[in-house]
Amino acid sequence: MDERDFELLLILKETKNITKAADLLYVTQSSLSKRISALEEELDTTLILRSRSGIVFTPEGEIVLEHTARAAEELKIMRESVNARKGYVCGTLNAGISVNYALYRFPDILTTYRKQYPHVTTHITTEHSRKLYAQMLDDVIDIAILRGEYPWKGNRLLLEREKVCAIFHEEYKEKSLAEIPYMGRKTDAAFEREILQWLRENDLNPELRGIYVDSITTCVEMVNRGIGWAIVPEICLHDFKGIIKPLVFKNGEPFVRSTYLMYTDRAALLPQVKAFIDIVKEYNSKGV
């Protein structure tokens, strides 16, 4: 067994699915299955059982998982200790960035970080905030930029609090939203609940004439073309040409979307993570 096998087993534990694990590892399903078989042959035991609903680890597989997790953690600590003795910032940055922030803000941050710290290996996970939050709790990633409110006992820095707006084409400015097709999109569950709350408070039923797409960029572009109206955060409206109306809940509170930088005390001690925090703070201080 080697370190790549440690990663393989831990990803299998997380996904419980051969197809998803193969995608995350950038290998084919057949290659992954062959490697699992080779491990089972090496250890002379069955590690996983397959079924239609996914995979499950055998008792022997659970024992192997326990030991490989400890070994992977020891290797990580060893590398961090060695890197701390070097005269420049290096090591690995494991960061999780929420989808919309990764699309509209993060490229500038990452460009600056890579220019200043070229010796750091950067592993960036782009996902919806709820999934990244779970990875933070499981200590899978060192630091995350999340959108929305999540309980967190570690360090948390508010990066921005943006307005959530209704957007629509100029041609609809004299019409009520009930007369215009609603453009829905894939987003995280917490934000979806807030959107549905606002819709209910305003007696709007998007199911009657709704159109649903898989990304915020597609959604905004469709609204730009006059196909419908949508509820989106300000972060995606820099190039939008239509009408923008900030939303307010029935109790008078503005509909806002908060973005946080979150990390643990342990992660903050790593030079590559501290450098990342400093660059994010600098970027944020410019009020971009």
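In what follows, the accompanying structure is described. (Residues numbered from 1 in each chain as written. Predicted model: local features only at pLDDT ≥ 70, side-chain atom pairs only at ≥ 80, totals over all residues. Heavy atoms only, no water.)

### Focus: unusual backbone geometry
Moving on, step 1. Unusually for a residue other than glycine, Asp139 sits at a positive phi of about 65 degrees.
Moving on, step 2. Inspection of the secondary structure puts Asp139 in the loop between helix H7 (129-137) and strand E5 (143-147).
Moving on, step 3. The backbone phi angle of Asp203 is positive, close to 55 degrees, even though this residue is not glycine.
Moving on, step 4. Mapping Asp203 onto the fold places it in the loop between helix H8 (189-201) and strand E8 (211-213). (Helix = DSSP H or I, 4+ residues; strand = E, 2+ residues; numbered from the N terminus.)

### Digging into the nonpolar core
One broad trend across soluble globular proteins is that nonpolar side chains are buried collectively.
Moving on, step 1. In terms of nonpolar packing, the biggest core is built from 37 residues, with Tyr101, Ile143, Ile167, Val232, Leu261 and Phe276 touching the most fellow members.
Moving on, step 2. Val164, Tyr182, Leu199 and Phe255 belong to the second-largest nonpolar core, a separate cluster that totals 18 residues. (Core = buried A, V, L, I, M, F, W, Y, C linked by side-chain atoms within 4.5 Å. Buried < 20%, exposed > 50% of the residue type's maximum accessible area, 1.4 Å probe, protein only.)

### Notes on the packing of helix H1 (residues 3-15) against helix H3 (residues 29-43)
Moving on, step 1. It is the contact of H1 with H3, at a shortest axis distance of 12 Å, that shows an interaxial angle of 110 degrees. The pairing of H1 with H3 is recorded here as roughly perpendicular in orientation. Between H1, through Asp5, Leu8, Leu9 and Leu12, and H3, the contact on the second element is made entirely by Leu32, Arg35, Ile36 and Leu39. (Axes fitted to C-alpha atoms, helices over the stretch in contact; angles between N-to-C directions. Parallel < 35°, antiparallel > 145°, perpendicular 65-115°, else oblique. Contact = heavy atoms within 4.5 Å.)

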